[in-house]
Amino acid sequence: MPNLIVNVTFNPPVIKMMGTTLREETVTKLEQLLPGVTTTSLSSQREPPKFQLMNSPSHWHMDLGQHYCDQLGRSLIFLCLIEALESEDWVLKGTNTVTHPDNGKDTTKFFFFRA
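Note that the structure is predicted; figures quoted are calculated from it, not measured.

**Student:** How should I be thinking about the sheet that holds strand β3 (residues 52–54) in this particular structure?
**Tutor:** Strands sit in the order β3-β4-β2-β1-β6-β5 across an open sheet of six strands; the sheet is antiparallel. The open sheet has two free edges, formed respectively by β3 and β5 (91–99), since each of these has just one partner strand. Each strand of the sheet is rotated relative to its neighbour by a mean of 20°, with strand direction disregarded. When strand β2 (residues 14–19) meets strand β4 (residues 59–63), the two strands line up antiparallel, connected through five bridges. From the neighbouring strand, V14 faces β4, where its bridge partner is D63. Most of the contacts of helix α2 (residues 71–86) go to strand β1 (residues 3–10), to which it runs at about 165°, and overall it touches β1, β2, β5 and β6 (106–113).

Rules used throughout
- Residues numbered from 1 in each chain as written.
- Predicted model: local features only at pLDDT ≥ 70, side-chain atom pairs only at ≥ 80, totals over all residues.
- Heavy atoms only, no water.
- Pairing = 2+ DSSP bridges.
- Helix = DSSP H or I, 4+ residues; strand = E, 2+ residues; numbered from the N terminus.
- Axes fitted to C-alpha atoms, helices over the stretch in contact; angles between N-to-C directions.
- Contact = heavy atoms within 4.5 Å.

The structure is reproduced here in structure tokens:
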């Protein structure tokens, strides 16, 4: 059974998707949606953030370093991720959130699987 783990760390938002490969359309869709749902406005003078395929271990990584998310922005990022992955037949199995005591950031993990 294929698995996918999505880590979202705030603030600034950093998204990592690890596990089975994703369709290019899904990654492109998320690149378009995610910067627009943050609490801060988009800068037209900067290149919009893109997912990068990282090695060791292999995963998709996007840093929205110029943005901030309040609770509504976080919920919208979560909703975009879940909807995009469900359209690719991923099923959400569970979630977990931890706060890092050293820097005050929090990370939410989403666990997905395909039957």
